Amino acid sequence: MPTLQDIVGAIESFAHPGLQESWDNTGWQLTPTTPAATECTGVLVCLDVTPERVDEAAASGCNLIVSHHPLIFRGLKSITGATPSERTVLSAIGRGIAVYSSHTALDSASLGVSHELGRLLGLTSMEVLSQGREPGTGLGVLGRFPLPMERAEFIARVKEVYGSPVVRVTGGPDGVTAISRVALCSGSGGEFITLARTLGAEAYITSDVRYHDFLDYGRDLLIVDTGHYESEKCTKSIFSRIISEKFPNFAVRMSQSEQNPVAYV
């Protein structure tokens, strides 16, 4: 039976915390005093740690939750149960469940979140969009389709791969009807729109794009906003694959109850 630290060690071998952005909080969020000696009874992987995820982990016999978004991000001045984060912390501690999060470290890993999305889309010759601290690491990717894809077909492909029922899009450059070179960034990647265009992308996929970015750059390239949850839910598959490859007979559970907090109506 692997220990809590064994499981986290596998994740950190793939995406070590040194890759995270300076403002981030990748790493242990809650842990017993001896994670290296505590056996892991099961792992629940999710995007966000909430009281419901703690309930799901407990019901599944998991004493470790691995999430993409940090449980503790802005810091807690008290733990009284007044906020969802505080209630989650209290519930996890009370049930003996440890929590580890890999956020921008997983984003920046050489085969991280954006690379996974590019692979699912069918992009080839992928390279890092915004270079990180180490060669081959960084945020976003830039790649191309083996054959150009018509605009409508491209948008449909993005919706299918991301599992997004709707997307926000711009018109794109006049006269460009087929898409070959594509940049993307998981999560909120609006800051890289101009970089994507400078590097020759005809389309850029990300989430949380601001109105004025659509206005200012929507004629330079086709911008596709998928929604934040849709652009990062594949992290559950990445975590599951990392752990299962290292410990093939170990129980890894992808959260079944987690849903997008944003409804499309």
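Above this text you will find the structure in question.
Residues numbered from 1 in each chain as written. Predicted model: local features only at pLDDT ≥ 70, side-chain atom pairs only at ≥ 80, totals over all residues. Heavy atoms only, no water.

Novice: Is there a simple way to explain the sheet that holds strand β10 (residues 222-225) in this structure?
Specialist: The strands making up a sheet associate through backbone hydrogen bonding, with each pair oriented either parallel or antiparallel. Strand order across the open sheet formed by six strands is β5-β6-β8-β9-β10-β7, with mixed pairing between neighbours. Each edge of the open sheet carries a strand with a single partner, namely β5 (124-131) and β7 (168-169). Relative to β10, β7 runs antiparallel, the two sharing two bridges. If you follow V169 over to β10, its bridge partner there is V224. Where helix α5 (residues 113-121) meets the sheet, its contacts fall on β5, β6 (138-150), β8 (178-188) and β9 (203-207), and the angle it forms with β8 comes to roughly 145°. Packed on one face of the sheet, helix α6 (residues 151-162) meets β6, β7, β8, β9 and β10 and runs near 130° to β6. (Pairing = 2+ DSSP bridges. Helix = DSSP H or I, 4+ residues; strand = E, 2+ residues; numbered from the N terminus. Contact = heavy atoms within 4.5 Å. Axes fitted to C-alpha atoms, helices over the stretch in contact; angles between N-to-C directions.)

Novice: Before we go on, may I ask you to explain the packing of aromatic side chains in this structure?
Specialist: Each aromatic ring pair is characterised by the separation of its centres together with the angle its planes make. Counted under the stated rule, the structure contains three aromatic pairs. Residues W23 and F73 carry aromatic rings whose centres are separated by 6.1 Å and whose planes lie at 80° to one another, so their mutual orientation is edge-to-face. Of this pair, W23 sits in the loop between α1 (4-14) and β1 (27-30) while F73 sits in the loop between β3 (64-67) and α3 (84-94), and the two are 50 residues apart along the sequence. The class for F73 is partly exposed, based on a relative accessible area of 36%. When the centroid spacing of 6.0 Å and the interplanar angle of 75° are considered together, the rings of F145 and F154 count as edge-to-face. Owing to a relative accessible area of 0%, F154 belongs among the buried residues under this scheme. (Phe/Tyr/Trp six-rings, centres within 6.5 Å; stacked < 30°, edge-to-face > 60°. Buried < 20%, exposed > 50% of the residue type's maximum accessible area, 1.4 Å probe, protein only.)

Nothing here speaks to function; it is geometry throughout.
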